[in-house]
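Overview (structure and organization)
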Amino acid sequence: TGMDPATTSRSNQCLDAAKACNLNDNCKRLRSGYISTCSRELSATEPCSRRKCHKALRLFFDRVPSEFTFRLLFCSCKHPACAERRRQTIVPSCSYEEKDKEKPNCLDLRGACRTDHLCRSRLADFHANCQATFQSLTNCPGDNFQACLGSYAGLIGFDITPNYVDASTASITVSPWCSCKGSGNMEEECEKFLRDFTENPCLRNAIQAFGNGTDLSPPPKNPNPASTALPKAEKSPAPPDDANDSNTAYDTGAIGTCSSLQDQGLKPNNSKEQSLCYSEAQLTTDVMPEQKTFTHSEAGSSWHRESWIQLLIPTLILALGL
């Protein structure tokens, strides 16, 4: 196997990220699982099962900590070979692009996403956490890069999956695989939706800051495992012993998925962690850290009165000889 030209650099963050993932059993197993699924050719006309590829990608992002997935997806590159490795993180030939077909309209992709409850929630999360604002230093709501990156990565594994559009090191441009061709009188709305990815200063600053190590936000704290129990993981075959990182075309990345609180009609958390990584089914008040129960003082005293009355009733019955 020829040496990756990018490895001649003193530091190749994308290669380092892949090596770090391979040293973690869970990251290595799930990464190998989706790479295998997304690169398995079904026939001459069907290069892979896109549905199974997306499912395997979502499983990876859900189960692997962001300390590994963020490094894989947002690593910084100074060489085209490194940038191509980064672009290939999600096996785009299966999960992202469809080269033999015309790009779908972006509004059609958005519409399809909105019909799926989980995709709809994650898209709302992305718009909330990556909405460009000029009222903060970083152009991100609350200067929270982590929330934006997490919401972006949460879209991977759906038809609206975003990715790097090329292997450029001069500028970073990400986009879903779509265009605004044929939008008719909806072209302005379509272009606005597309610019949320391609020309979003919050998203671009978040990716660049993570890659060069200047991100201002601390890593998300691990939520209480008792209150955020994930569904039982599907068993994936263990990767072969000779599995290595020689195939530069297939590397991984992203974050645990974050469903939108806004889409559920809940008030968003105003702390540094603006989005919480739960599935829609788990967005209930009993697992929401900010949903606290307060007992009114009068209600408390009423409860005590009722308790004393209940305790006195048996005594009164005995005294009266009833």
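The structure presented is a predicted model; accordingly, all values stated were derived computationally and were not measured.

Regarding the packing of aromatic side chains
- For the structure shown, the criterion picks out 9 aromatic pairs.
- Here F193 and F197 contribute two aromatic rings whose centre-to-centre distance is 5.7 Å and whose plane-to-plane angle is 70°, an arrangement assigned as edge-to-face. One end of the pair, F193, and the other, F197, are both in helix 10 (residues 187-198), 4 residues apart, so they sit about a helical turn from each other.
- The exposure class assigned to F193 is buried, which follows from its relative accessible area of 2%.
- Through pairs of rings, three or more aromatic residues link up here, namely F70, F74, Y152 and F210.
- The ring of F158 carries R58 above its face, with NZ or CZ at 4.9 Å from the centroid.
- In this structure, R110 packs its charged tip against the face of F193, placed 5.8 Å from the ring centre.

Some thoughts on the state of the cysteines
- Applying the stated criterion to the full structure yields 10 disulfides.
- Here C38 connects covalently by a disulfide to C53, the sulfurs 2.0 Å from one another. What sets the handedness of the C38 and C53 disulfide is the S-S torsion sign, and at about 100° it is right-handed. In this pair, C38 is assigned in helix 2 (residues 25-38) and C53 in helix 3 (residues 50-63), connecting sequence segments 15 residues apart.
- Residue classification places C53 among the buried positions, given a relative accessible area of 0%.

Some words on the packing of helix 4 (residues 66-74) against helix 11 (residues 201-212)
- Relative orientation of the contacting elements helix 4 and helix 11 amounts to 105°, with a least axis distance of 9 Å. For the element pair helix 4 / helix 11, the angle class is roughly perpendicular. Residues F70, R71 and F74 of helix 4 lie in contact with helix 11, whose contacting residues are I207, F210 and G211.

Here's the deal with the side chain of S95
- Residue placement: S95 occurs in helix 6 (residues 92-95).
- Given the relative accessible area of 0%, S95 is considered buried.
- If sequence neighbours within four positions are ignored, S95 has contacts with R50, C53, H54, L57, I90 and T161.

Conventions we followed
Residues numbered from 1 in each chain as written. Predicted model: local features only at pLDDT ≥ 70, side-chain atom pairs only at ≥ 80, totals over all residues. Heavy atoms only, no water. Phe/Tyr/Trp six-rings, centres within 6.5 Å; stacked < 30°, edge-to-face > 60°. Helix = DSSP H or I, 4+ residues; strand = E, 2+ residues; numbered from the N terminus. Buried < 20%, exposed > 50% of the residue type's maximum accessible area, 1.4 Å probe, protein only. Lys NZ or Arg CZ within 6 Å of the ring centre and 35° of its normal. Disulfide = S-S within 2.5 Å. Axes fitted to C-alpha atoms, helices over the stretch in contact; angles between N-to-C directions. Parallel < 35°, antiparallel > 145°, perpendicular 65-115°, else oblique. Contact = heavy atoms within 4.5 Å.

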